[in-house]
Amino acid sequence: MAINPPLFPDHQTRQHSEAHLSHVLEMVRQRTGGRSVAPDIDLDAFRRALAEKTFDRPEELDTLINWTIESLKHGMVQMTHPGCFGLFNPSPSFAAECADRIASAFNPQICVWSHAPVAVEIEKHVIAHIAQRAGLPAGSGGHFTSGGAEANNTALICALSAASPDYAEQGARAFAGQPRLYASAESHLAWLKIAHMNGIGRTAVRLIATDGSGRMDQDALAQTIKTDITAGDVPVMIAATAGTTNAGMVDPLNACADIAKRHSLWYHIDAAWGGALIASPKYRAVLDGLSRADSITIDAHKWFATTMGAGMFLTRKTAILAQAFRVSTDYMPDSNVVDDYYVTSVQWSRRFVGLRLFLSLGAAGWDGYARHMENAIQLMEHLITRLTALGWTHENASSMAVGCFTPPKGADPVEVIVERVVQSGKAWVSVARFEGRAVLRACVTNGHSTMADIDILVDEITKS
Ligand SMILES: *Cc1c(COP(=O)(O)O)cnc(C)c1O
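Source: prediction; values computed, not measured.

About the thresholds
Per chain, the residues get numbers from 1 upward, laid out in the order the sequence is written. A pLDDT threshold of at least 70 governs which residues receive local features in this predicted model, and a stricter bar of 80 or more applies before side-chain atom pairs are shown or counted, although totals over entire chains, interfaces and linings include all residues. Note that water and hydrogens are dropped before the side-chain values are worked out from all heavy atoms of the structure. Each helix corresponds to a stretch of at least 4 residues labelled H or I by DSSP, and each strand to a stretch of at least 2 residues labelled E; elements are numbered beginning at the N terminus. Throughout, radius of gyration means the C-alpha value; the globule benchmark is 2.2 Å times the number of residues raised to the power 0.38. The buried label applies to any residue whose accessible area, calculated with a 1.4 Å probe on protein chains only, is under 20% of its type's maximum; exposed applies above 50%, and partly exposed to all values in between. Contacts are residue-level and defined by heavy atoms, with any inter-residue pair within 4.5 Å sufficient. A 1.4 Å probe and the Shrake-Rupley method give the accessible areas. Residues count as covered only by the protein chains that appear here. As used throughout, the charge tally considers Lys and Arg to be positive and Asp and Glu to be negative, leaving His and the chain termini uncounted. Here the site of a charge means atom NZ of a Lys, CZ of an Arg, CG of an Asp or CD of a Glu. Here, nonpolar core means buried Ala, Val, Leu, Ile, Met, Phe, Trp, Tyr and Cys residues that are tied together by side-chain atoms lying within 4.5 Å of each other. Arc, as used here, means the arc of the directions from the helix axis to the C-beta atoms. For each residue, the test is whether any non-hydrogen atom lies within 4 Å of the molecule or strand; if one does, the residue is near. Polar contact is defined as a pair of N or O atoms within 3.5 Å, subject to the rule that within protein one atom must be able to donate a hydrogen and the other to accept it, and that residues adjacent in sequence are counted only when both atoms are side-chain atoms. In this classification, Asp, Glu, Lys and Arg are treated as charged, Ala, Val, Leu, Ile, Met, Phe, Trp, Tyr, Cys and Pro as nonpolar, and every other residue, Gly included, as polar. Angular values range over 0 to 180 degrees, each being the angle between N-to-C directions of two axes fitted as lines to C-alpha atoms, with helices fitted over their stretch in contact. By the definition adopted for this analysis, an angle is roughly parallel if under 35 degrees, roughly antiparallel if over 145, roughly perpendicular if from 65 to 115, and oblique otherwise. In a left-handed crossing the near helix is turned counterclockwise from the far helix by less than a right angle, and in a right-handed crossing that turn is clockwise. Strands qualify as paired when DSSP identifies two bridges or more between them.

Student: Can you explain the overall build of the protein? Please cite residues and give values.
Tutor: Along the protein, the regular secondary structure elements total 14 helices and eleven strands. Relative to the 2.2 N^0.38 estimate, which gives 23 Å for 464 residues, the radius of gyration of the protein is 24 Å and therefore close to what a compact globule would have. The C-alpha extent of the protein, read off along each of the three principal axes, is 70 × 65 × 45 Å. Per-residue burial over the protein gives 49% buried out of 464 residues. Intrachain contacts of the protein at a sequence separation of at least 6 include 71% that bridge at least 24 residues. When the accessible area of the protein is evaluated, it comes to approximately 21,400 Å², of which 55% is carbon and sulfur surface. Distance between charge centres in the protein, computed from 40 positive and 47 negative side chains, equals 3 Å.

Laid out in structure tokens, this is it:
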């Protein structure tokens, strides 16, 4: 018997809890359809119950687990509900759930290769395959991140390090003028925080106008860079978006590559959600130009449907990572491996998140993922057909599984309609802005959703 059974129970207790947990979770999964997609919990009652949990007396783990699951069943937007047409957060693949369980059971520390060589090599194998599938040359690499924001942060650090060998030691002072990065006005605004965190200031981000259909205006980009150079600023990076968060639009990737090349800038492509289309032979041409990037962000926890907290940073210029994140300490194990994650990435202690994509991709194969993407796109096409037939306008010319819609004249404003849909508990969509207009945004994020779920959504949207 372990000394502290609540923390480290014996074999029998563990087996009992495991069986109970998987039973309860399976019940949750099977009955999602009958519950509200949106939170419908009495939050005051919940807070009172939470306040009573003061940890003064131990409680049974099973009791705590039941309480947590019951609360979560009604206290969050249900990603696993087939009526959830939400932001990019998926209903996770079962393989990814299994991966989390395995990673938790072994709890490998993967920041150094020598501590967990098998885990590190599984991750590197996955990263190499994804990089290759994205069209990057052999020898490209990268690593898993907590998500797209960390991957984009890594890109800026690489860009700054590549632009000046002194950046690592001197920070922004290494530059003769204000460093600048360029992303579209429809890009993911984590860029502002990232610029802030790297000490070059939020105004370093030039948000380039879009062309009226959600794509970066390439002429405005070229012109802004020229003007900045004339003013003595130091352009360091173009960050194109392949699959904008609101509308799934793809910036002109080849034109951006040409401009980056002309000025010797780091070229990053943020394909956090849309990058998953590399899986589909039918749709991958949407990402034409992706292979020209110096670095790419793709989230596993969006369209690849792993559990949350799994992004990827991919780069053809792997040597810069070792420059940018180098550090030596006397408490880390000696290692001849120069590419240990703790000296090539933002994180130090690391979770084995790459296993989620390894198991998911392994179990589905690229073909299985292609079907997952293509099915989502087909459902979106069905939604577009249904809504346009009812007088709605489809605003975003994206081939991805996200739609932005504005209602027919005389209908309620988008905000009112979306609120009504969410309140119904039968479907979940959101309000977004596309090219300055308020739109109803719907994204197929759940591999269990069907045409019938789209029809339910349309019913809720058109009820008045
Ligand atoms: C979601 C998203 C991000 C941020 O990624 P996180 O995984 O939420 O950190 C960045 N860029 C784009 C285009 C996104 O869609």
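Student: Mind laying out the nonpolar core, listing which residues take part and the relevant values?
Tutor: The nonpolar side chains of a soluble globular protein tend to be buried, and buried together. Formed by 82 residues in total, the largest nonpolar core has its most connected members in Ile130, Ile238, Tyr267, Trp303, Phe304 and Leu440. No other element matches the twelve residues that helix 12 (residues 354-389) contributes to this core. The contact partners of Tyr267, leaving out residues within four places of it in the chain, are Ile238, Ala240, Leu253, Cys256, Ala257, Ala260, Arg292, Ala293, Asp294 and Ser295. Core analysis: the next-biggest nonpolar cluster, separate from the first, contains 28 residues, Ala151, Tyr167, Ala204 and Met237 among them.

Student: Help me get a handle on helix 13 (residues 414-424), residues and values and all.
Tutor: Within helix 13, burial applies to Val414, Ile417, Val418, Val421 and Val422. Along the long axis of helix 13, the arc covered by the buried residues comes to 130°, so they all point the same way. Turning to helix 13, the residues buried within the fold contact strand 9 (402-406), strand 10 (430-434), strand 11 (437-443) and helix 14 (451-462). Gly425, located one to two residues past helix 13, shows a positive phi value of around 75°.

Student: Let's hear about the site of the ligand: which residues, and what values?
Tutor: In the vicinity of the ligand, 13 residues are found, and the nearest of them are Gly148, Asp270, Asp299, His301 and Lys302. Taking Thr245, its side chain carries an N or O atom lying 3.1 Å from an oxygen atom of the ligand. The contact in question runs from an oxygen atom of the ligand to an N or O atom on the side chain of Lys302, over 3.0 Å. When isolated, the ligand has an accessible area of 380 Å², and the protein chains bury 85% of it. Each residue belonging to the shell around the ligand can be placed in one class, and the counts come to three nonpolar, seven polar and three charged.

Student: So, the packing of helix 9 (residues 218-230) against helix 10 (residues 253-262): which residues are in play, and what are the values?
Tutor: Running from N to C, helix 9 and helix 10 cross one another at 15°; their axes reach a closest spacing of 10 Å. Comparing their axes, helix 10 and helix 9 come out roughly parallel. Crossing hand, helix 9 versus helix 10: right-handed. Within the contact between the two elements, helix 9 uses Gln218, Leu221, Ala222 and Ile225 and helix 10 uses Ala255, Cys256 and Ile259. Classifying every residue of the contact of helix 9 with helix 10 gives six nonpolar, one polar and no charged.

Student: Requested: an account of the pairing of strand 11, with residues and values cited.
Tutor: Burial analysis of strand 11 places five of its seven residues in the buried class, which makes it a mostly covered element. Inspection of the sheet shows strand 9 paired to strand 11 by four bridges, in the antiparallel sense. Following the sheet pairing, Phe405 is matched in strand 11 by Leu440. Across five bridges, the pairing between strand 10 and strand 11 is antiparallel. Considered in strand 11, the bridge of Val431 is made with Leu440.

Student: Account for the environment of Thr224, naming residues and giving values.
Tutor: Structurally, Thr224 is set in helix 9. The spacing of Thr224 and Leu207 is 17 residues in sequence and 9.8 Å in space, taken between C-alpha atoms. Residues contacting Thr224, with those up to four places away along its chain left out, are Tyr182, Arg206 and Ile208.

Student: Break down the environment of Ile41 for me, with residues and values.
Tutor: Its place among the elements puts Ile41 in the loop between helix 1 (11-30) and helix 2 (43-51). Once the C-alpha coordinates of Ile41 and Arg180 are considered, the two residues, 139 residues apart in sequence, prove to be 46 Å apart. Ignoring sequence-local partners within four residues, the contact set of Ile41 consists of Phe46, Ser71, His74 and Gly75.

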